[in-house]
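Residue-level listing of the chains:
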Amino acid sequence: MNRKVIKYIVLFAVAGLLLYNSVYFKKLDAKEKAVATAVNLSPVEIAQKFWRDQFPPYIDSAVDINEFLKMLQENPKQAFEKYSHTQGIGNSSFFLLKGEGVVSSVNEEDVVVTVKSGSGEKKIKLNTGIYFGNAVRDVTGKITMGDFNNTMDYNTVSTELNKLVHTEIVLPFKTKAVKGAEVKFVGCAEINKEQVPTDNVELLPVKISLK
Amino acid sequence: MKKMKRFSSLLLMGALFIFSACNSGGEKKKAKKMAIVVSTLNNPWFVFLAQTAEAKAKALGYETKIFDSQNNTATETNNFENILVADYCAILFNPTDADGSVANVKKAKEAGVPVFCIDREINAKGVATSQILSDGYSGSVEIAKYFVEVMNKKGTYVELLGITGDNNTRARSSGFHSVVDNYPDLKMVAQQSADFDRSKGMEVMESMLQAHPDITGVFCGNDAMAMGAYQALAGAGKEKTVKVFGFDGADDAIQSIKENKLMATGMQFPKIMAEKAAEFADEYYKGKRDFPEKIPVAVELVTAKNVDSYMGFGKK
């Protein structure tokens, strides 16, 4: 009887082992990613598609700038963990922030907006000069270097996104912005973890509405 | 009958052993030896990169050997061939050529040896196990913004390029021009390769100065060329009027910024990249297989304002 039990255990173990070696599990997300990047688009087309189709939902989920600045002052680590995206290894992180206020000055390379904050107010600088960073590409964390065969394509996507923002958002805003105008904005901020601003941030606007 | 049963049990145990061996995907456990293949040992930056990778691998318990490709893809291929017959468990790889090095990495992959690229990229996905790369484009953007500021948005300048075919050469030059070309009063009057080499940097700068004696700025794709260019400018008595910008964060460049000779450099972090590659290789050896395809490592602008926070090849 005992021998029979041992025999069955051994047979069961062998069958299990055979089954284990016959079936392989792969992560689905890896396949999805491959499919997404297998689409034969140029870096310029990828930037355009991202700007038109994939970026708008993120704009809607931007964080209130007062809430963010409060957390940044009180608990910078938590603010970075909760609201930022970082690409690779480095100190720069990207945030998508929204707010509203009154234009207090229009300058050559920026527009300053006064935003009410509790009982006080804050001056938020909206960049209206030529922007050279990677905030738009990197703020959602959805475009990564690993998506591209070579990093030049990855960099081209950023350059093209900056051009789109400049043409479609910054230039129209720059021509209409006047002191005293009420403005609602959504913008990308790049903040260095080692140089956290105490009470202010500079934003690249990605959505603007003037009253 | 008893013998028969014993024989069956032995047979089953044998089957168990064979299938257990197969479970590791047919991978034979290799020796704890890492090969470090570096594009050149004729440049202190790459010597530091190779030695740091070696030190980290040794600290993790591996035997190591450094192979010098002498900036030559044929030498690099020979290095790979030697490595692949010598039972190394991983290759920490600084490629010579973004396209030309792909075949070598493919051969290693076919032989079951993981390759971790450091600093320089290969133009392929799914071949190297992971690529830990300096974000040279964004670093050059930061240098270019400072260049525009220091040059007061006007003047003529020249550019010394690195090795043609290396993605870092393209990334640094493109990043720089993505900014500077927006300022029409900043005019580039000459652009030439000096192969990332100090002596060639000096030679090229000397010849450029003869053709363009009125330049006020030089952007160099690495610090070795910047040091060579500065030497040529000093020889011509123009070191005070021509502003020199480098890239890498090499020891002598940091010292030169302190002495107000070089204006700026882009600090890469070879220590971070080399150590990360060795750590990844160790994790691979221990069974991990899920690594990011490419990881950018940020480059930081170093000028006279913040140079005291830095030392050669990194932060203090």
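Worth saying up front: this structure is predicted, and the values here are computed from it rather than measured.

Caption draft 1: Seen up close, the overall build of chain A. Along its length, chain A carries 8 helices and 6 strands. What you see in chain A, going N to C, is helices and strands ordered as α-α-α-α-β-α-α-β-β-β-α-α-β-β. Relative to its 211 residues, chain A shows a buried fraction of 41%. Carbon and sulfur atoms make up 55% of the accessible area of chain A, which totals about 12100 Å².

Caption draft 2: How the structure looks around unusual backbone geometry. Residues and elements named next belong to chain B. Positive phi, close to 50°, is recorded for Gln70, a residue that is not glycine. By the secondary structure assignment, Gln70 is in the loop between strand E2 (63–68) and helix H3 (73–84). The residue Phe196 is not glycine, and still its phi comes out positive at about 65°. Structurally, the position occupied by Phe196 is in the loop between strand E7 (186–193) and helix H7 (198–211).

Caption draft 3: Structural context of the packing of H3 of chain B against helix H4 (residues 102–110) of chain B. All names here are of chain B. It is the contact of H3 with H4, at a shortest axis distance of 10 Å, that shows an interaxial angle of 5°. Taken together, the axes of H3 and H4 lie roughly parallel to each other. When H3 is examined against H4, the residues Thr73, Glu76, Thr77, Phe80, Glu81 and Leu84 are found in contact with a partner set consisting of Asn104, Val105, Lys107 and Ala108. Per-class residue counts for the contact of H3 with H4 are 4 nonpolar, 3 polar and 3 charged.

Caption draft 4: Expanded view of the interface of chain B and chain A. Contact residues are listed per partner, giving 37 residues for chain B and 29 residues for chain A. Across the chain B to chain A interface the summed buried area is about 2800 Å²; carbon plus sulfur atoms make up 60%. On the surface where chain B and chain A come into contact, there are 1 salt bridge. The residue Lys315 of chain B makes a salt bridge to Glu194 of chain A at a minimum N-O spacing of 2.6 Å.

Analysis parameters
- Residues numbered from 1 in each chain as written.
- Chains lettered and ligands numbered in written order.
- Predicted model: local features only at pLDDT ≥ 70, side-chain atom pairs only at ≥ 80, totals over all residues.
- Heavy atoms only, no water.
- Helix = DSSP H or I, 4+ residues; strand = E, 2+ residues; numbered from the N terminus.
- Buried < 20%, exposed > 50% of the residue type's maximum accessible area, 1.4 Å probe, protein only.
- Areas by Shrake-Rupley, 256 points an atom, 1.4 Å probe, with all protein chains shown as cover.
- Axes fitted to C-alpha atoms, helices over the stretch in contact; angles between N-to-C directions.
- Parallel < 35°, antiparallel > 145°, perpendicular 65-115°, else oblique.
- Contact = heavy atoms within 4.5 Å.
- Nonpolar A, V, L, I, M, F, W, Y, C, P; charged D, E, K, R; others polar.
- Buried area = accessible area lost by both parts, 1.4 Å probe.
- Salt bridge = Lys/Arg side-chain N within 4 Å of Asp/Glu carboxyl O.

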